[in-house]
Amino acid sequence: MEFFVDKDSVVRKIWGSSDTVLFIFAGASAEFALNKAVDWLYFTGRLPSDPLGRLFSTVRYARDIVFAEKEVALNNIDKITAIHKGVEDSRGYKMPDWAYRDVLFMLIHYSIASYELLENRLSNAEKEEVFQVFYRVGTRMGIPALPQNYAGWLSAQQLHLQEDLAISNYTTDLYLQYKKNLGFMRYKILLETQKLIVPERVRVLLGMRKFSWLPPVLVIYKLCKKIKLDGLLKAMLLPPAYKSEIKALDITSA
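Note that the coordinates shown come from a computational prediction; the quantities given were computed from them, not determined experimentally.

A. Structural context of helix 8 (residues 124-140). Here helix 8 contains 17 residues, and its C-alpha end-to-end distance of 24 Å stays within 8% of the 24 Å for a straight helix at 1.5 Å per residue. Considered for burial, the residues of helix 8 that qualify are Lys127, Val130, Phe131, Val133, Phe134, Tyr135, Val137 and Gly138. Buried-residue contacts for helix 8 involve helix 1 (10-15), helix 5 (51-66), helix 6 (70-91), helix 7 (97-118) and helix 9 (150-163).

B. Region of the structure containing the pattern of salt bridges. Counted according to the given criterion, the structure contains nine salt bridges. For Asp89, the salt bridge identified is with Lys85, shortest N-O distance 3.0 Å. Residue Asp89 and its partner Lys85 are located together in helix 6, separated by four residues, close to a single helical turn. Residue Lys85 is classed as partly exposed on the basis of its relative accessible area, which comes to 45%. When the shortest N-O distance is used, the salt bridge between Arg121 and Glu116 registers 3.2 Å. Using a relative accessible area of 66% as the deciding quantity, one classes Arg121 as exposed. Residue classification places Glu116 among the buried residues on the basis of a relative accessible area of 18%.

C. Main features of the environment of Pro215. Structurally, Pro215 is set in helix 13 (residues 214-226). In this structure the C-alpha to C-alpha distance between Pro215 and Leu117, which are 98 residues apart in sequence, comes to 9.3 Å.

D. A look at the nonpolar core. Judged by nonpolar contacts, the single largest core of 76 residues is most densely connected at Phe4, Val11, Ile14, Trp15, Val130 and Tyr175. At 11 residues, helix 7 tops the list of elements feeding residues into this core.

Thresholds, definitions, all that
- Residues numbered from 1 in each chain as written.
- Predicted model: local features only at pLDDT ≥ 70, side-chain atom pairs only at ≥ 80, totals over all residues.
- Heavy atoms only, no water.
- Helix = DSSP H or I, 4+ residues; strand = E, 2+ residues; numbered from the N terminus.
- Expected span 1.5 Å × (residues − 1).
- Buried < 20%, exposed > 50% of the residue type's maximum accessible area, 1.4 Å probe, protein only.
- Contact = heavy atoms within 4.5 Å.
- Salt bridge = Lys/Arg side-chain N within 4 Å of Asp/Glu carboxyl O.
- Core = buried A, V, L, I, M, F, W, Y, C linked by side-chain atoms within 4.5 Å.

Put into structure tokens, the structure is as follows:
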């Protein structure tokens, strides 16, 4: 049986842990708010009205690719492409190619940054492995002008960060929605998490200080994880309405 992502791949380790997945989307939520194509998310209304629901639906799409047999994963990618095509048809014009590339670039960057922050440093070969998985996703979706390898992506990402991000009214509104949906304390944790994993360009645009009080908390959390108390902490820190969804994120441990 052939899988889209090899069973021993580091990509499965990254996307099979609720910790890394939540950090991936903490970082992506910052970059989405700055992206010049963020108006597409407002067209559907799903992200601003229910950012956590959007997070978990996106996780389900990613999981249906990363952990699926090859043909099933390809079919799931085609479904995602069809969904985007439907949105484009409804709006009357095509989403720019660079906007699709930006999303792939976010998934690559935050997959690597989150895992390295929470677990271990990745080798160059493992980083290449992460890139190649999302490169195959992008190729299947028909996204043009993708870099061919991780080294090429590093250069392309820097260009993306300079050309495709800007502060806008959408930025302000999305952060208001994050605060409204998360509550004060969870929102503060989101901001501290973002400081640790967003690229420098994103941090500067958002006016974030480099200092964060989160690293010592992460040390304590890792100790709690070793004695199986991390589930209790997650239940305390994350919205109760999403308890089952958060638990379901831990695929590799299951």
